[in-house]
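Chain and residue survey
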Amino acid sequence: MMSGSARASRAVCCALAVNVVVFLTSCHRAETDVEIGNRLQILHKGNGQEVQDLDPQIVNSVSSLNIISALLEGLVAEDPHDLHPIPGVAESWEVSADEKVYMFHLRHNAKWSNGEPVVAQNFVDSYRRILSPPLASPVAYMLYPVANAEAFNKGKIDNFDQVGFRVLDNWTLQITLTNPTPYFLSLLNHYSWFPVPISTIQKYGPVLERGSRWTKPGRYVGNGPFTLQEWRLNDRVRVKRSATYWDAQNVRLNEIVFHTIDSNDIEERAFRSGQLHVTDSMPINRIDRYRREHPEFLRIDPYLGTYFYRVNVTRPPLNNRLVRRALAMAIDRQSIVDRVTRGAQLPASCFTPPNTAGYTCESSIPYDVDLARRTLVQAGYPNGRGLPPIEILFNTSENHKLIAEAVQQMWRQNLNVAATLVNQEEKVYFDSRRQMNYQVIRSTWIGDYVDPNSFLDLWVTNGANNQTGWSNTDYHRLIGEASQTGDQAVRYAAFQKAEAILLEDAPILPVYFYTHAFLIRPSVKGWYPTILDHHPYKYVWLE
């Protein structure tokens, strides 16, 4: 039997041992996703709301682009510093003297992820699919500079051989344009120009069927630097470095995990807790705090984009141009960027961001409360009397809600006009916009390439992304005239006249020109500030 003193001594020893274990356990903190990622070259990126799809020919969102650009590669690629066109699947190209015929020479070691070679016919078959009217691609218009592409897409001709694509051999593709297009090579970096694996798509249904299941993990065949490994709805998409990519030896990341996080607040907390290397955005009410306390994490980069509201001009009372103009002039854009967004954005009194490839709009929608009130009187609604409440629709986001509340308050104070706010999840929101089931809807346009045409071509009659019901024959004619010449002075003069018409008719209400405020870990390298917020992943690594 143990003596009392021995028992006491043993109890003390046991207590000390427990304390040591507790101390050691508390000191050995589990690694965060960021720390593991740094060690294993796995990038964790916030990607906003759930992607629409991973088929590049039926999507039209930045969240989808972020992932698709890891899985597929076009004829040309982008320099990571300034995004100028560099060789992609095409290792070289020539342009004719009249700047209308491009000859692309494909590299012989470009392969699909199933090991098959990427050949010129793959591109032509992909272009036939996106331009086929039954697919109803929202981005088919990106191919319209090609001879007869628009006519085929709109059903005016049905012989695809008349469209300006020619396969000269497996490694040579000729593309003929209708007119010289100064931004054509940059245009090729848009995901609408990426090849898709037609033979794989055929395995899972009709080639022209939207929502085909070919984009699921285990089925997806791409030709980019990464392959699709996992897609968990409303959670994450995981891609892995491709062994078949032609430049695989220079890809430094092993994996990228795109996290679906539809709340700016939740995303910021995920960053703080070490779950993310890079956020998609950040809560606008926390920018000042990061400026003060953690400037090493805060990035505010230039971004070629416009935040605005579309107006459904087919529904009374917004079919009245004067009502739309009054609403536009009652928005204090400077106040929104100074007091709400606080991310060095510029107030937008027009639609095209200033100095877009040297173009700056000369017309504007002023903030002028007195003129807005007089215009509302002319419209038949003095002091807002008789005007029913205007519904502002936005996709779920704390940031969008704050901006909509600011606009709501300005209309009430400046015009005595009531507005109701409605938020929808992103997929429902996109459906509402496409079906024009709205009055006023929050919208964003980010340039697909650096040229004013990327912004002003939106509003042509029946344009796929117009979605306002607005049509103006003079505007449509001017945009057409600009597309028929490579002379910058002539093009920009037509754009000036067209944008003046757009602002006068006000089917849109511009709010601000973007910057991109986000959070990024210092360990992320190769993530350079670019005006389109593109970051070619093959050049990114973790330190």
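For the structure itself, consult the block above.
About the thresholds
- Residues numbered from 1 in each chain as written.
- Predicted model: local features only at pLDDT ≥ 70, side-chain atom pairs only at ≥ 80, totals over all residues.
- Heavy atoms only, no water.
- Pairing = 2+ DSSP bridges.
- Helix = DSSP H or I, 4+ residues; strand = E, 2+ residues; numbered from the N terminus.
- Axes fitted to C-alpha atoms, helices over the stretch in contact; angles between N-to-C directions.
- Contact = heavy atoms within 4.5 Å.
- Phe/Tyr/Trp six-rings, centres within 6.5 Å; stacked < 30°, edge-to-face > 60°.
- Buried < 20%, exposed > 50% of the residue type's maximum accessible area, 1.4 Å probe, protein only.
- Lys NZ or Arg CZ within 6 Å of the ring centre and 35° of its normal.
- Polar contact = N/O pair within 3.5 Å; in protein donor to acceptor, adjacent residues only side chain to side chain.
- Core = buried A, V, L, I, M, F, W, Y, C linked by side-chain atoms within 4.5 Å.

1. Considering the sheet that holds strand S5 (residues 101–106)
In space, the four strands of this open sheet follow the order S4-S5-S7-S6, with antiparallel pairing throughout. Bordering the open sheet on either side are strand S4 (90–95) and strand S6 (165–169), each of which pairs with just one other strand. Within the sheet, the average angular offset between the axes of one strand and its neighbour, ignoring direction, is 20°. Relative to strand S7 (residues 172–176), S5 runs antiparallel, the two being bridged by five bridges. Within S7, the position partnered with Phe104 by the bridge is Leu173. Those strands touched by helix H4 (residues 120–131) are S5, S6 and S7, and its axis lies near 165° from that of S6.

2. Some points on the packing of aromatic side chains
Applying the stated criterion across every chain, the model contains 30 aromatic pairs. For the ring pair Tyr307 and Tyr512, a centre distance of 4.7 Å and an interplane angle of 15° mean the geometry is stacked. A residue pair is termed long-range when its members are at least 10 positions apart, and Tyr307 in strand S11 (residues 298–311) and Tyr512 in strand S16 (residues 508–519) qualify at 205 residues. Each member of the pair, Tyr307 as well as Tyr512, carries the same accessibility label: buried. Seen in terms of ring centroids, Tyr512 and Tyr514 are 5.4 Å apart; in terms of plane orientation they differ by 70°. Their pairing is edge-to-face. Comparing Tyr512 with Tyr514, the two get one shared label, buried. Among the aromatic residues, those joined into a cluster by ring pairs are Trp93, Tyr102, Phe104, Phe123, Tyr127, Phe152, Phe160, Phe165, Phe184 and Trp193. Between Arg521 and the ring centre of Phe271, over which it is positioned, the NZ or CZ distance is 4.1 Å.

3. As for the side chain of Ser443
Summarising the element assignment, Ser443 is placed in strand S15 (residues 440–446). Since its relative accessible area comes to 0%, Ser443 is described here as buried. At a separation of 3.3 Å, a polar atom in the side chain of Ser443 contacts the main-chain carbonyl oxygen of Ile441. When neighbours within four sequence positions are excluded, Ser443 is seen to be in contact with Thr306, Tyr307, Phe308, Tyr309, Arg310, Tyr429 and Arg433.

4. A few points about the nonpolar core
Residues Phe104, Phe165, Trp193 and Trp411 are the most contacted members of the largest nonpolar core, which totals 159 residues. Looking at which element gives the most residues to this core, the answer is S16, with nine residues. Setting aside residues no more than four positions away along its own chain, Trp193 makes contact with Phe123, Tyr127, Met142, Leu143, Val146, Phe165, Ile175, Phe184, Leu187 and Leu188. If you look at the next biggest cluster of nonpolar residues, it comprises five residues, including Leu393, Tyr429, Tyr438 and Ile441.

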